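For reference, the chains in residue letters:
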Amino acid sequence: MALDSETMQGLLESVARFVRERLRPLEHQVAQDDRIPPEIRREIAEMGLFGLSIPEEYGGLGMTMEEEVRVAFELGKTSPAFRSLIGTNNGIGSQGLIMDGTQEQKQRYLPRLASGELISSFALTEPEAGSDAASLKTSARPVEGGYVLNGTKRFITNAPHAGLFTVFARTDPSQPGAKGVSAFLVEAGTPGLSLGPIDRKMGQSGSHTCDVIFEDCHIPSDALLGGREGQGFRTAMKVLDRGRLHISAVCVAMAERVIDDSLRYAVERKQFGQPIAEFQLVQAMLADSRTEAYAARCMVLETARAKDRAEDVATDAACCKLFASEMVGRVVDRAVQIHGGAGYIADHGIERFYRDARLFRIYEGTSQIQQIVIARNMVKALS
Ligand code: COS
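Residues numbered from 1 in each chain as written. Predicted model: local features only at pLDDT ≥ 70, side-chain atom pairs only at ≥ 80, totals over all residues. Heavy atoms only, no water.

## Points about the overall build of the protein chain
Basically, it comes down to this: Counting from the N terminus, the helices are the DSSP runs of H or I reaching at least four residues and the strands are the DSSP runs of E reaching at least two. Restricting the calculation to C-alpha atoms gives the radius of gyration, and the globule rule supplies 2.2 Å times the number of residues raised to the power 0.38. Each residue's exposure class comes from its accessible area (1.4 Å probe, protein chains only) as a fraction of the maximum for that residue type: buried when under 20%, exposed when over 50%, partly exposed otherwise. Contacts are assigned to residue pairs that have any heavy atoms within 4.5 Å of one another. Here the open area of atoms and residues is found with the Shrake-Rupley method and a 1.4 Å probe, where only the protein chains shown may cover a residue.
Scanning the protein chain from N- to C-terminus turns up 13 helices and nine strands. By the compact-globule yardstick of 21 Å for 383 residues, the protein chain fits well, its C-alpha radius of gyration being 21 Å. Its C-alpha atoms give the protein chain principal-axis dimensions of roughly 80 × 55 × 40 Å. Burial statistics for the protein chain: of 383 residues in total, 54% are counted as buried. Expressed as a percentage of contacts within the protein chain between residues at least 6 apart in sequence, the contacts between residues at least 24 apart total 75%. Total accessible area on the protein chain is roughly 17100 Å²; 52% of this is exposed by carbon and sulfur atoms.

## Some words on the site of the ligand
Note the following rule: Proximity is defined per residue: if any heavy atom of the residue lies within 4 Å of a molecule or strand, that residue is considered near it. In protein, a polar contact requires one atom able to donate a hydrogen and another able to accept it; more generally it is a pair of N or O atoms within 3.5 Å, and residues adjacent in sequence count only if both atoms are side-chain atoms.
Around the ligand lies a shell of 21 residues, among which Ser-131, Arg-234, Asp-241, Arg-244 and Arg-376 are the nearest. In this structure, a nitrogen atom belonging to the ligand sits 2.8 Å away from a main-chain N or O atom of Ser-131. Asp-241 is positioned such that a nitrogen or oxygen atom in its side chain is 2.8 Å from a nitrogen atom of the ligand. For the ligand, the protein covers 70% of the area, taking 1000 Å² as the surface of the free molecule.

Written as structure tokens, this is what we have:
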């Protein structure tokens, strides 16, 4: 454990309190305004939440994976936009740098990522390269003193707020697949880097994505992550293994939140002269949801511990992402059902979670990609 158990317990309690007292009352407003109030961002930064998984030597809390998922179990019990604000700095936006960056690159960026002064984004997906990430076309042409980037990245979370992008681009056009891909650290404001308009989405209002466009964008040689070409795809996959575990924890948290809401509603709401929680058909929905959320929680904790033991968790992280994201989809669907007409009404909040949850089955690898990863690794393990 990175933190002593008392400190960890204290942090979990303060995150839970913060979610309960500060964030939950703002859920509706954030959805309405599509914006997280700046004072909330400041409070989140003060709590150290931007740097959960960033090593202590760079100003982060240096949490283990288990500790990080435990924080996500709490922080995820509200609108996912709040978690998304810190999601990239702790996850896909910083992990490439932590795992494969040079000492100098870490020194330059990690302290500001840990404090939340700088927001980071992970720029892998392209208009023509989503699930087939290795087919990406963005090019990084070597020139005197650096590289020139050309291409478009799509649906990039936190890009409108980012000061730093981890960009995956092809340095070797003769290698069409994974081997020709390298990763770069590109600062916002670099000439030739521009952003598209903010995407309008089905859910997760308050969390923003947009295109990131490179047009003859010159970057220096030391922007190459780890100083090595051809390693980018492997970096991306390692980052996603970790990211998938974190997202799974967020799915568990959202499931637990809507189960709690559903239970309270079922106990209060009376039909046919009694609380609907007394009806076995409603009980079945509550029980199935509770069981599935518990199973996902156990999977996530077990895999996080295995990751902390430095075991290869690529397969199990994909199992977690597949199960937890599909699970929360079913749970939130039942939550709407338990709430009946009120569940369909916009002001109630449950329909918002229903829309928010839909993304979990898509980003950081669709359910179908998780199935491919799991089955491929099973076959590979035999040989
Ligand atoms: N950890 C480390 N290295 C990994 C890895 C992992 N988890 N997974 C793959 N690699 C390595 C492989 O070992 C291989 O290297 P070698 O050629 O040196 O052996 C290289 O990466 C290519 O792997 P693979 O051949 O499996 O690549 P594919 O093109 O077949 O694609 C999938 C693999 C489909 C799994 C990958 O493209 C993927 O995850 N796609 C989804 C992307 C995604 O999640 N996008 C969401 C947007 S980002 S928020």
